[in-house]
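Chain by chain, the residues run as shown.
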Amino acid sequence: MTRYAVGAMVDTAMRLPGSELDAKKMPGHWVLARLGKRVLRPGGLSLTTQMLDAVDITGKDHVVELAPGFGSTANLILAKHPATYMGVERERGIATTLAWRIGTPTTRVTHGAADRTELPAERATVVCGEAILTMQTAAAKRRIVAEAFRLLKPGGRYAIHELSLVPNSLPLEIRENIERELSASIHVGARPLTQSEWVSLLTDAGFVTDRALEAPMHLLRFGRLLEDESLPRTLRFLANVATHGVERRRVVEMA
Ligand SMILES: C[S@@+](CC[C@H](N)C(=O)[O-])C[C@H]1O[C@@H](n2cnc3c(N)ncnc32)[C@H](O)[C@@H]1O
């Protein structure tokens, strides 16, 4: 039976991943997190909301979220009162803190890898993951999507939110420039795909793509910051940017 796919894309007490790294070198999303940002995905909260509306989570659903990070999407998912929620996060500190924050008998977060969750097959009706595939190699992308397929019951829904190159016919030279500039600014190997390539990745894994949603990559634009983080957190982020020189240069590079 068919499984469907949809594309859309601390607590300061906690020791942030990469804290041991020099801010000049650490992955861009951890620089942003260190400055107080919590939504770390290209299309922001509004695309996340559209993505969740598309998969239409109800009280009957068993949800697995791959790479929940600080849990802003987990909060949106839990607001829909699914039967169960399981987050699988690679960073132990984040997994532990999120488990502590949202943990209940039916809501868990485990420290694990998205391509090898060690969860039973067909345990989920919804799997979602945001801003995790873009930074993976082609092989790792395939493994994670295959793991999502394995976790889903027949008829299950898979939602991803990733960086997409536009248009589908983007010349290779421009693409390579974008990858180089992105990787240089976020210090993580960024390998975004075109929309048709994301769809092929999902189709090759056995999914039928039901919908593709898009939003501009405005992660660090003031309007998007306000939308994603709220006014107090935006002001704190901007104050931190103003008072942390190395991080500020990184933010300027990424903007
Ligand atoms: C850019 S952040 C996105 C976090 C969150 N999904 C969001 O949209 O705000 C990437 C997240 O993916 C996690 N991650 C990266 N590779 C992973 C893997 N192979 N398995 C599980 N988590 C992974 C990182 O630890 C981090 O929390």
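Residues numbered from 1 in each chain as written. Predicted model: local features only at pLDDT ≥ 70, side-chain atom pairs only at ≥ 80, totals over all residues. Heavy atoms only, no water.

Asker: Explain the overall build of the protein chain to me, please; I cannot follow it from the model alone.
Answerer: If you tally the helices and strands in the protein chain, you get 10 helices and 9 strands. For 255 residues, the compact-globule estimate of 2.2 N^0.38 gives 18 Å, and the protein chain sits close to it at 18 Å. Taking the principal axes of its C-alpha atoms as reference, the protein chain extends roughly 55 × 45 × 30 Å. Within the protein chain, the fraction of its 255 residues that count as buried is 48%. Put simply, the protein chain shows about 11800 Å² of open surface, and 56% of that area lies on carbon and sulfur atoms. Taking the average location of the 33 positive side-chain charges in the protein chain and that of its 28 negative ones, the two points are 4 Å from each other. (Helix = DSSP H or I, 4+ residues; strand = E, 2+ residues; numbered from the N terminus. Rg over C-alpha atoms; globule rule 2.2 N^0.38 Å. Buried < 20%, exposed > 50% of the residue type's maximum accessible area, 1.4 Å probe, protein only. Areas by Shrake-Rupley, 256 points an atom, 1.4 Å probe, with all protein chains shown as cover. Lys, Arg positive; Asp, Glu negative; His and termini not counted. Charge placed at Lys NZ, Arg CZ, Asp CG, Glu CD.)

Asker: What's the story with the packing of aromatic side chains in this structure? I'm lost.
Answerer: When we look at a pair of aromatic rings, we describe it by the centre distance and by the angle of the planes. The tally for this structure, following the rule as stated, stands at 3 aromatic pairs. When the ring of phenylalanine 149 is compared with that of phenylalanine 207, the centres are 5.1 Å apart and the planes differ by 80 degrees; the resulting orientation is edge-to-face. In this pair, phenylalanine 149 is assigned in helix α5 (residues 138–151) and phenylalanine 207 in strand β9 (residues 207–212), connecting sequence segments 58 residues apart. Residue classification places phenylalanine 149 among the partly exposed residues on the basis of a relative accessible area of 22%. (Phe/Tyr/Trp six-rings, centres within 6.5 Å; stacked < 30°, edge-to-face > 60°.)

Asker: Please explain the confidence of the model for the protein chain as it appears in this structure.
Answerer: Detailed reading of the predicted coordinates is not advisable wherever pLDDT falls low. Per-residue confidence for the protein chain averages 91 on the pLDDT scale, and 93% of its residues sit at or above 70. With pLDDT under 50 throughout, residues 4–13 is counted as low confidence; its partners more than four residues away or in other chains account for 48 contacts. (pLDDT = per-residue confidence, 0-100. Contact = heavy atoms within 4.5 Å.)

Asker: Would you mind going over helix α6 (residues 172–186) with me for this structure?
Answerer: Because an α-helix packs 3.6 residues into every turn, residues spaced three or four apart end up facing the same way. The end-to-end C-alpha distance of α6 is 21 Å, a good match for the 21 Å that 15 residues give at a rise of 1.5 Å each. Every buried residue of α6 is listed here: Arg175, Leu182 and Ser185. Angular distribution of buried residues about the axis of α6 spans 105 degrees; they occupy a single face of the element. Exposed and oriented more than 90 degrees from the buried face of α6 are Leu172, Glu173 and Arg180. Structurally, α6 contributes buried residues whose contacts are with β7 (164–165), β8 (193–194), α7 (195–204) and α10 (245–254). With its phi angle positive at about 55 degrees, histidine 187 sits one or two positions after the end of α6. (Expected span 1.5 Å × (residues − 1). Arc of directions from axis to C-beta.)

Asker: Would you explain the site of the ligand in this entry?
Answerer: Around the ligand sit 20 residues, and of these Arg41, Ala67, Glu89, Ala114 and Glu130 come closest. Protein burial of the ligand: of its 590 Å² of free accessible surface, 96% is covered by the chains. Those elements that provide at least two residues to the shell around the ligand are α1 (28–34) and β3 (84–89). Grouping the constituent residues of the shell around the ligand by class yields 10 nonpolar, 4 polar and 6 charged. (Near = heavy atom within 4 Å. Nonpolar A, V, L, I, M, F, W, Y, C, P; charged D, E, K, R; others polar.)

Asker: When you look at the packing of helix α9 (residues 231–243) against α10 in this model, what are you seeing that I'm missing?
Answerer: A pair of packed helices is captured by two measures, namely the crossing angle of their axes and the spacing between those axes. Where α9 contacts α10, the axes come no closer than 6 Å and their chain directions differ by 110 degrees. In terms of orientation, α9 lies roughly perpendicular with respect to α10. Between α9, through Val241, Ala242 and Thr243, and α10, the contact on the second element is made entirely by Gly245, Arg248 and Val251. Each residue belonging to the contact of α9 with α10 can be placed in one class, and the counts come to 3 nonpolar, 2 polar and 1 charged. (Axes fitted to C-alpha atoms, helices over the stretch in contact; angles between N-to-C directions. Parallel < 35°, antiparallel > 145°, perpendicular 65-115°, else oblique.)

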